[in-house]
Amino acid sequence: MNAPTRPQAHASRIQRVVTPGGVEAWLVEDYTVPLVALEFSIRGGSSQDPEGKPGTAYFLSAVLDEGAGPYSADAFHERLDEFAIEMRFNADRDGLSGHMRTLVKHRAEAFDMLRLALREPRFDAEALERVRAQIEAGIRHEMNDPDSMVGRAFFEVAYPGHPYGRPGHGTLESLPTIGRDDLDAMRRRLIARDTLKIGVVGAIDAAALAAELDSVFAGLPAKAELTPVPNVAPLGAGTRKVVDLAIPQSSVRYGAAGISRRDPDWIPAIVVNHVLGGGVFSSRLFREVREKRGLAYSVWSQLAPFDHSALHFGGTSTKNERVAESMAIIEEQIRSLAEDGPTEEELDKARKYLIGSYALNFDTSTKIASQLVRIQVDDLGIDYMDRRNGLVAAVTLEDARRAARRVYGDGKVLVAVVGRPAGL
Amino acid sequence: MASKGSPSPARDAAPLEADAHSGPAVSDFRLANGLEVVVIPDHRTPVVTHMVWYRNGSADDPIGKSGIAHFLEHLMFKGTEKHPQGEFSNVVAELGGQENAFTSVDYTAYYQRVAKEHLETVMGFEADRMQGLVLSDEVVGPERDVVIEERRMRTDTDPGSQLGEAVAATLFTHHPYGKPIIGWMHEIEGLNREDALAYYRRFYTPANAILVVAGDVTPDEVRALAEKTYGQVAAAAEPPRRNRPQEPDPRAARRVSLADPKVEQPSLQRAWLAPSYTTGAPGEAEALEVLVQVLGAQSTGRLHRRLVMEKRVAVAAGGWYQGTAVDRTRLMLYAVPRPGVTLEDLEKDLEAVIAELVEKGVEPSELARAKTRLIADTVYAQDSQATLARIYGSTLATGGAVADVARWPRDIEAVTAQDVQNAAARWLDRRHCVTGYLLKDEDGARAA
C-alpha cells in the first residue's frame, strides 16, 4: 500500500459503495492489517422510547447480541469468541449505533452474525430477564454516583417533559414494564434503511463489501417509523439545582442553549469552545480553574448538538468549600468570551490546534469508520475531510466574536451540583 | 455485548500484552547515554505517537512520601530552564498535538501525538525536561491542590474505589503495590518541592528511560533525531535502582469490608498474589493469562456461565490479571449479586466455580476460545499505533524485551489444559486470598 503523506489522502480514498439492494456505505480500503472494521448508526435512540417506558432503546441495544437466529445467547457469544469477532451496540438520545470488527479470515462469519443480530434477534425470556437485571444493577450503581447524578439532574431541569429530560437507561420502575413486545416493536420501528449510515475500513473491496452489506441490511424495512420529537431550547439558565450528597467534593455541570451542527456558525463556535475549555492545557478554564488556583483536576467545556436541541455544556469537580468560587470563575470566562470574543492570539492558536489535530482522528480503522459515519449523519459531503481544515483556517476574529455572542449570549447558565457545596 | 453499565470493581491500569508476529518490524537500540529506543513503523497515516517511559512508578515512592511519582508527573508540565512554564504545552497545542502523561505502579510515561513533521520538536522538548525541570513553591502549591482534588474525585467520593484501595493494601502487606498510585491523602498533603526534586534527580536519567516512537517513521529517522535531542542529555553516574521490599508468601486468608450509605449495588471481589511475566517461571504468567480468560471472559467465561447464566445469582462476573509487572502481582475475580442474593452465598458460588476448575480442569473448546481471543487481540492491537506503543513501553518498563512481545502469541498458544489447571490449583488458593465486600451501610443511610 502507498503511504498517504497528508491527512487529506484518506478523503480521496473514500469509496461510495451502493449495493444492488440499495444500501449505501462509505469504504476506505486498506490491507495493512488483516481486519475489517464496520460502524453504523440509525436515527432515533432513547428519544423514541414510548411514554412511560424510558430505557427501551437502550435495552434493545443491549439485547440484540443476546441470542439470534439459531443461536441462544450463550451459543451466540461463544461463536463470536470462537472467531474473535467484536460486536456491540449502543443507544444514545438520538440514535442507535453498532460496531463490528473482525479478522479478515472470519469475515463471512462476522457479517453473518451481524445479520442475525439485526434481523433475527430472539429476545428469549431468559436473556431479557438477565439483561434487565444487569441494566438495573447499573442504575443502582449510578444512583449515588456523583457524575451520573449530576448529569441526570442537569437534563431533568433543562428538558422537563421532553424525551431529553428522561433517563436513557430507564428507571427501576420502567424496566420491569419493558417486555419482549416493546423491544420487538422498537426494533421494527427504528432499524430501517432510510436513516442508516455505514462506514467500513479495512481489507475488503467494494464488490465483496456490497454483497456482505446486502445480506445484512437490504432486507430491513425501507423506512423507519419515528415519533416526531419537538425541537426545544434548554430551560433553567441563571438557576442553580443542588442535589445533596454526603461527599467532600461537589460534581458540577453547567450549560445553556448552544448552536446546531447545521448552523453556518458551527465551525467558528467550535473554535470559540476550544478557547474556553477544549482539550488542551492552555484553555481558559484549564488555566484559570486548575493551573492558577488548583481548584480542580478536571474542568472542561464542549458543544453538544443534539438532533432536537443544542447545548454549550461543561463541568468540573471541586471541593465543597470552593464550588462558588469555581463557578464564579467559569461564568466570568463565559461572559468575557460572550462580550469580547477571543483575542487574536487565542484565535490563532485555536485554529492551529484544530487544524493540526484533525489527522489524529484517522489513525485506527475504527476511528476512521466512525468519522465516515459522522460525516454522513451530519450530511457534510464525501469531500468534507478535504474541506474541513480550510473551513477552520477561514474563521476570522469577527466570525469568532459573532459565534461567541450567539453561543454564550448573556452568559447565564443552568448549574447543577451534587455534593454539599458551601455558599451556593 | 457492552458491559450494560453493570458495576465492576475498578482495575488498575493493566496494559494488555500483545504481539506483532505478522505485524510491523520493530527496531530496538540504545544511545551512548543508555537511553533505550523502540521504533514501531505504521505508515497508514502521517502521524506519530512519541512516548518516554521511566522505569519508576508509585511502588518506588519513598516511605512516607506516597504519591510522589504521580505528583512529579504533574509537576513535569511546569517548565524548565530553557522553556518556561506553559511553553511546551503551548507549542504542542499549536502543532495540533495531543499530550498527556500517566503513572502506574511500575512506570511513569509522557506522550505526545503529532503530525510526523513535528516529531523533532516534541523530542527536543521532552529531552529538555528529562533533566532541566525548574520548580518554584508558587507552582508546586496549587498543583498539590489539583492532585488533592484528583484524589477526591477518583477515590474519596466513590466507595468502590475506597474498597479497591483497602483490598490492595491488604493483599500487599509489605510490598509497595499496596499503596495507592495517587498516594494516601495525608501524605499527599505533605509533599513539597524538595521531595519532588529529590525524586526527579534520582530517576529521571537517560539510562532509566525508554523512548518509544510509533507511526509514520523509519528507524533511521528516529535514530538520527534521537541522537540530536536525547543524545545530548548527560548520562548519570549510576543507573537508579528500585529498592522495594518483597511481599512474603501469604499465610492467611484476609477479609475487608466497606459499608457506605451511598452503595445501592453491592459487589464482591477476591484477589490473590500471583507471579508476573517478570517474576514467573517460563509459561507461568501465560497460563494465568489463559486461566483468567477462561474464568472471566465477559460473556463466555466460566464465572459468567455458572453465576450469571445457570445459577442466576449474579448480574455480572469476571476477572483480570495484571501480568505486566516488575514484582509479584495480583489476579482478581469479582461478582455483582442479583437482588436478594447475599455476598456470603455469592462467595460460596464463586468458590465452587474455582474448585470445579481446579478439580476437573478446562474443556478443549474453552481453552481454544480463550487462546483465540487473546491472540486475536494482538492483531487488533496492530490497528492502533498508540496501543502498540503502550504495549512495548509497558513491557520494557517492567523488565521485558521487544522479543517477548513478538513471542507472546506463540507462548499463549503453547499453554496446555494441564498448565491452566495447575495454575488455578497453585495460585487461586482460598487459604491465601483477600476477599472484599462492598455493602450498603443501612444505619448510616438512616442517619444521613
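Described below are features of the structure shown in this document. (Residues numbered from 1 in each chain as written. Chains lettered and ligands numbered in written order. Predicted model: local features only at pLDDT ≥ 70, side-chain atom pairs only at ≥ 80, totals over all residues. Heavy atoms only, no water.)

### Focus: the overall build of chain B
Part 1 of the reasoning: Check the secondary structure of chain B and you find 16 helices and 11 strands.
Part 2 of the reasoning: Projected onto its principal axes, the C-alpha coordinates of chain B cover approximately 65 × 55 × 40 Å.
Part 3 of the reasoning: Looking at chain B as a whole, 63% of its 448 residues qualify as buried.
Part 4 of the reasoning: Taking the intrachain contacts of chain B between residues at least 6 apart in sequence as the baseline, contacts between residues at least 24 apart amount to 83%.
Part 5 of the reasoning: For chain B, the exposed surface amounts to about 16,200 Å²; the carbon and sulfur share of it is 51%.
Part 6 of the reasoning: Each charge sign in chain B was given a centre, from 50 positive and 64 negative side chains, and these centres are 5 Å apart. (Helix = DSSP H or I, 4+ residues; strand = E, 2+ residues; numbered from the N terminus. Buried < 20%, exposed > 50% of the residue type's maximum accessible area, 1.4 Å probe, protein only. Contact = heavy atoms within 4.5 Å. Areas by Shrake-Rupley, 256 points an atom, 1.4 Å probe, with all protein chains shown as cover. Lys, Arg positive; Asp, Glu negative; His and termini not counted. Charge placed at Lys NZ, Arg CZ, Asp CG, Glu CD.)

### Some words on the interface of chain A and chain B
Part 1 of the reasoning: Taken together, the 79 residues of chain A in the interface contact 64 residues of chain B.
Part 2 of the reasoning: Summing both partners gives a buried area of about 6,300 Å² for chain A against chain B, and 56% of it is carried by carbon and sulfur.
Part 3 of the reasoning: Ranking the residues of chain A by area buried against chain B places Phe281, Tyr297 and Leu360 of chain A at the top, with a combined share of 11%.
Part 4 of the reasoning: Put simply, chain A and chain B have 11 salt bridges between them.
Part 5 of the reasoning: A salt bridge links arginine 305 of chain B to glutamate 78 of chain A; the shortest N-O distance between them is 2.1 Å.
Part 6 of the reasoning: Counting the contacts that link chain A with chain B gives 25 residue pairs in polar contact (both at pLDDT 80 or more). (Buried area = accessible area lost by both parts, 1.4 Å probe. Salt bridge = Lys/Arg side-chain N within 4 Å of Asp/Glu carboxyl O. Polar contact = N/O pair within 3.5 Å; in protein donor to acceptor, adjacent residues only side chain to side chain.)

### With respect to the pairing of strand E9 (residues 314-321) of chain B
All names here are of chain B.
Part 1 of the reasoning: Taken across its 8 residues, E9 has 7 buried, putting it largely inside the fold.
Part 2 of the reasoning: Two elements, E9 and strand E10 (residues 329-337), share 7 bridges in a ladder whose sense is antiparallel. The residue of E10 that forms the bridge with alanine 314 is proline 337. (Pairing = 2+ DSSP bridges.)

### Some words on the pattern of salt bridges
Part 1 of the reasoning: Inspection of every chain in the model, using the stated rule, returns 79 salt bridges over all chains.
Part 2 of the reasoning: Note that aspartate 112 of chain A and arginine 115 of chain A form a salt bridge whose closest N and O atoms lie 2.8 Å from each other. Of this pair, aspartate 112 of chain A and arginine 115 of chain A both sit in helix H4 (residues 107-119), 3 residues apart, which is roughly one turn of the helix.
Part 3 of the reasoning: By relative accessible area, which is 23% here, arginine 115 of chain A ends up partly exposed.
Part 4 of the reasoning: The partner of aspartate 378 of chain A in a salt bridge is arginine 374 of chain A, with the nearest N and O atoms 3.1 Å apart.
Part 5 of the reasoning: One network of salt bridges, in which partners are shared, links Glu86 and Arg101 of chain A together with Asp42, Arg44, Arg373, Asp377 and Asp383 of chain B.

### What about the nonpolar core?
Residues and elements named next belong to chain A.
Part 1 of the reasoning: Phe40, Met87, Leu114, Ile198 and Phe217 are the most contacted members of the largest nonpolar core, which has 55 residues in total.
Part 2 of the reasoning: Of the residues forming this core, the biggest block, 7 residues, is contributed by H4.
Part 3 of the reasoning: For phenylalanine 40, the residues in contact, after removing those within four places along its chain, are Phe89, Leu96, Ser97, Gly98, Leu114, Leu118, Leu196, Lys197, Ile198, Phe217 and Val373.
Part 4 of the reasoning: By size, the runner-up hydrophobic cluster in this structure holds 54 residues, among which are Tyr254, Phe362, Leu380 and Tyr384. (Core = buried A, V, L, I, M, F, W, Y, C linked by side-chain atoms within 4.5 Å.)

### Thoughts on the packing of aromatic side chains
Part 1 of the reasoning: According to the stated counting rule, one finds 25 aromatic pairs over all chains in the structure shown.
Part 2 of the reasoning: Three or more aromatic residues joined by ring pairs make a cluster, and in this case those are Phe154, Phe155, Tyr159, Tyr164, Trp300, Phe306 and Phe313 of chain A.
Part 3 of the reasoning: The ring of phenylalanine 77 of chain B carries the charged tip of arginine 129 of chain B above its face, separated from the ring centre by 4.7 Å.
Part 4 of the reasoning: In this arrangement the basic side chain of arginine 426 of chain B is found over the ring face of tryptophan 427 of chain B, its NZ or CZ atom lying 3.9 Å from the centre. (Phe/Tyr/Trp six-rings, centres within 6.5 Å; stacked < 30°, edge-to-face > 60°. Lys NZ or Arg CZ within 6 Å of the ring centre and 35° of its normal.)

So, to be careful, I would describe these as geometric facts and stop short of saying anything about function.
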